[in-house]
Amino acid sequence: MSRAFTLVQSAAVSALIIPTTLWADITADDVWQNILDYSAVFGGALTADMSRSGDTVSVSDMTYTMDLPLEAGTVTVNLGSAELKERGDGAVDWFNSDTLIYRIAYSGSEEIESFSFDIPLTYEGMTMQASGEPNDITYDWKADRLDMAIGRIPLGDEIELSSLNGGYRDMVGQFRVTVGDLVDLQGNFEVGEQFFDMKQSLTEFDGSTVKTFDKSRMALMTGNAKGSFPRNGINILNLTTALRDGLSFETSQTVEGYDTQQIVESDGTAIMTQVTQADSYGLDLALNESGFSLAGPSKNIRFELEMMDPMPQSINASINSADVTFVMPLLKNDGNAPVAMLLDMQGITLGEAMWALFDPEQMLDRSPADVTLDLSGTAKNNVEWLDFLNIEAALAGLDVLPVEMQELTLNALRISAAGAEVTGTGALTFDNTDLTTFDGMPRPEGSLEFDLLGINGLMDSLVLMGLLPEQDIVGFRMIMAMVTAPAESGEKDHLTSTIEMTPEGHVLANGNRLK
């Protein structure tokens, strides 16, 4: 199972709780208007039958309908019914049945056959109280448990989701909706435990059936989110307009005790099993006018894979810590938009079965490996990448590069594995008006410095193991001699390299001209 599946699970907490339990206001009339304002920002329409009896408003047949872009059809979600009880003290309680059935239906496209499926939900200990002012409402909610079960869902002629069962335990959170020029949302939540079992099947071209069984378990999950949405809705085919009108969203989540298992069968015979575990991991996402960013730190990751067909193999590995960061601009800009990429994995350990595949004689150093690549810089977008229907025309009309890299800094490079280590730092700027010197690429200017330890010894070992041909190593050593020099320390098998790009378009290695 992946982080993407965890995002689906996180969204499910909101989707299954918020629509039926989160929203209320000082009066029932204000509640419904708040719900309409919130639901409209996503481009759909929410309808329901409402009736009042004293201080209680009954809402039935709540239905959210959304037309998909490019006349691709319509999605309809029936959210069941609920009761809003005005407490008389400025707050409102929201009640729904302990058992609900959400019905999701798709229709309207010639290319995709219409379908529908139900999501039965069972709650225990669900309470919700709303307080505040009209158009600025805070909701405090909790639930002891929420269980869900989805039956067969056909996903095409060859694929079907046979079942998806799961649940959440010990949930608590707070959610605030403020309606003004924008609809602003912010909230936090905690889930004590969550678990899901999923079965799906795929019919191969030869008629055989491949079935996949997935199990995921997570302990404590905490998170927070906030966002701003234009009140006139969002056109998914042109997010450029929405971002310039104030669309923004960010969320941060942490999970402890992550455990997933997958079994793959072909015609009833297991052909693969996979287990992924982590003590903890986090996920931070942000989307706004400045761009998109993602960060995902993890601790103590363990991976096991067993293949039974066509050749039995057992693979396992672990990583003490891993971190990924990605930052990029999305809108057309005048330059100096930040970009960044970080890949950092510390303590990579391979299991004995993996080492035995290519190093049965134990010739290589098996100490845990480390990999770090940390880049940052600035760039200029000359295309509105989120105006999807007009990208092709925009590209055709350009006489410059679609993306112009302006500055790039190598904050850190470190690869330590098999007894060798490479480190590096440096910085470059780019002249995007000169696309001739480097054959269509902007001319770089700056320098990069590298330190190499144990590289020659590693190459010797790879030749002795038969993993690299001797003739290939000869050519590689010649290139290394051109771009490296012995380190001042005089340490054996210790090399350094300084690569310079000059304003004249020259490339120098340790002062020697290469270009």
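Just so you know, these numbers come straight off a predicted model, no measurement behind them.

1. Here's the deal with the pattern of salt bridges
Logical step 1: Following the criterion strictly, the structure yields 22 salt bridges and no others.
Logical step 2: Notably, a salt bridge pairs D147 with R169, separated by 2.8 Å at the nearest N-O pair. Here D147, found in strand β8 (residues 136-150), pairs with R169, found in strand β10 (residues 159-179); they are 22 residues apart in sequence, far enough to count as distant. Taken as a pair, D147 and R169 share a single burial class, namely buried.

2. Some points on the environment of Y106
Logical step 1: Turning to its location among the elements, Y106 is positioned in strand β5 (residues 99-107).
Logical step 2: Among the residues examined, Y106 registers a relative accessible area of 8% and is labelled buried.
Logical step 3: On a C-alpha basis, the gap between Y106 and M66 in space is 9.8 Å, while along the polypeptide they are 40 residues apart.
Logical step 4: Residues contacting Y106, with those up to four places away along its chain left out, are L68, A72, G73, T74, V75, I112, E113, S114 and F115.
Logical step 5: Side-chain polar atoms of Y106 contact the backbone oxygen of A72, separated by 2.2 Å.

3. Notes on a nonpolar patch on the surface
Logical step 1: Residues L357, F358, L467 and L468 make up a contiguous nonpolar surface patch of about 330 Å² in total accessible area.
Logical step 2: Here F358 shows up in helix α4 (residues 352-358).
Logical step 3: Take F358: its relative accessible area is 31%, and that puts it in the partly exposed class.

4. Concerning the side chain of T372
Logical step 1: In this fold, T372 is placed in strand β20 (residues 369-381).
Logical step 2: Residue T372 is classed as buried on the basis of its relative accessible area, which comes to 14%.
Logical step 3: Reaching out from T372, the side chain makes a polar contact with the side chain of D344 at a distance of 2.6 Å.
Logical step 4: Leaving out residues up to four positions away in the same chain, T372 has contacts with L343, D344, Q346, A412, L413 and R414.

5. Regarding the packing of aromatic side chains
Logical step 1: Counted according to the given criterion, the structure contains seven aromatic pairs.
Logical step 2: Ring geometry for Y38 against F42: centres 5.5 Å apart, planes inclined by 80 degrees, an arrangement best described as edge-to-face.
Logical step 3: Judged by centre distance (6.4 Å) and plane angle (5 degrees), the ring pair of F115 and F117 falls under stacked.
Logical step 4: Residue classification places F115 among the partly exposed positions, given a relative accessible area of 29%.
Logical step 5: An aromatic cluster of at least three residues, connected via ring pairs, comprises Y38, F42 and F229.

6. A closer look at the pairing of strand β14 (residues 248-266)
Logical step 1: Two elements, strand β12 (residues 209-218) and β14, share nine bridges in a ladder whose sense is antiparallel. Considered in β14, the bridge of M218 is made with Y258.
Logical step 2: In terms of strand pairing, strand β13 (residues 221-230) meets β14 through eight bridges, oriented antiparallel. The residue bridging T222 from the neighbouring strand is T254, located in β14.
Logical step 3: Counting the residues in the hairpin turn of β14 and strand β15 (residues 269-288) gives two residues, including D267, whose phi is positive at 50 degrees.

7. A short note on the packing of helix α6 (residues 455-464) against helix α7 (residues 470-483)
Logical step 1: Across the interface, α6 lies against α7 with an axial gap of 10 Å and an inter-helix angle of 170 degrees. In terms of their interaxial angle, α6 and α7 are classed as roughly antiparallel. Counting all contacts with α6, which are made through I455, N456, M459, D460 and V463, the residues of α7 involved are E470, I473, F476, R477 and M480.
Logical step 2: Class assignment for the residues of the contact of α6 with α7 results in six nonpolar, one polar and three charged.

What counts as what
- Residues numbered from 1 in each chain as written.
- Predicted model: local features only at pLDDT ≥ 70, side-chain atom pairs only at ≥ 80, totals over all residues.
- Heavy atoms only, no water.
- Salt bridge = Lys/Arg side-chain N within 4 Å of Asp/Glu carboxyl O.
- Helix = DSSP H or I, 4+ residues; strand = E, 2+ residues; numbered from the N terminus.
- Buried < 20%, exposed > 50% of the residue type's maximum accessible area, 1.4 Å probe, protein only.
- Contact = heavy atoms within 4.5 Å.
- Polar contact = N/O pair within 3.5 Å; in protein donor to acceptor, adjacent residues only side chain to side chain.
- Patch = residues over 30% accessible without salt bridge, like charges linked within 9 Å, V, L, I, M, F, W, Y side chains within 5 Å.
- Areas by Shrake-Rupley, 256 points an atom, 1.4 Å probe, with all protein chains shown as cover.
- Phe/Tyr/Trp six-rings, centres within 6.5 Å; stacked < 30°, edge-to-face > 60°.
- Pairing = 2+ DSSP bridges.
- Axes fitted to C-alpha atoms, helices over the stretch in contact; angles between N-to-C directions.
- Parallel < 35°, antiparallel > 145°, perpendicular 65-115°, else oblique.
- Nonpolar A, V, L, I, M, F, W, Y, C, P; charged D, E, K, R; others polar.

Keep in mind that these numbers describe shape and distance, not what the molecule does.
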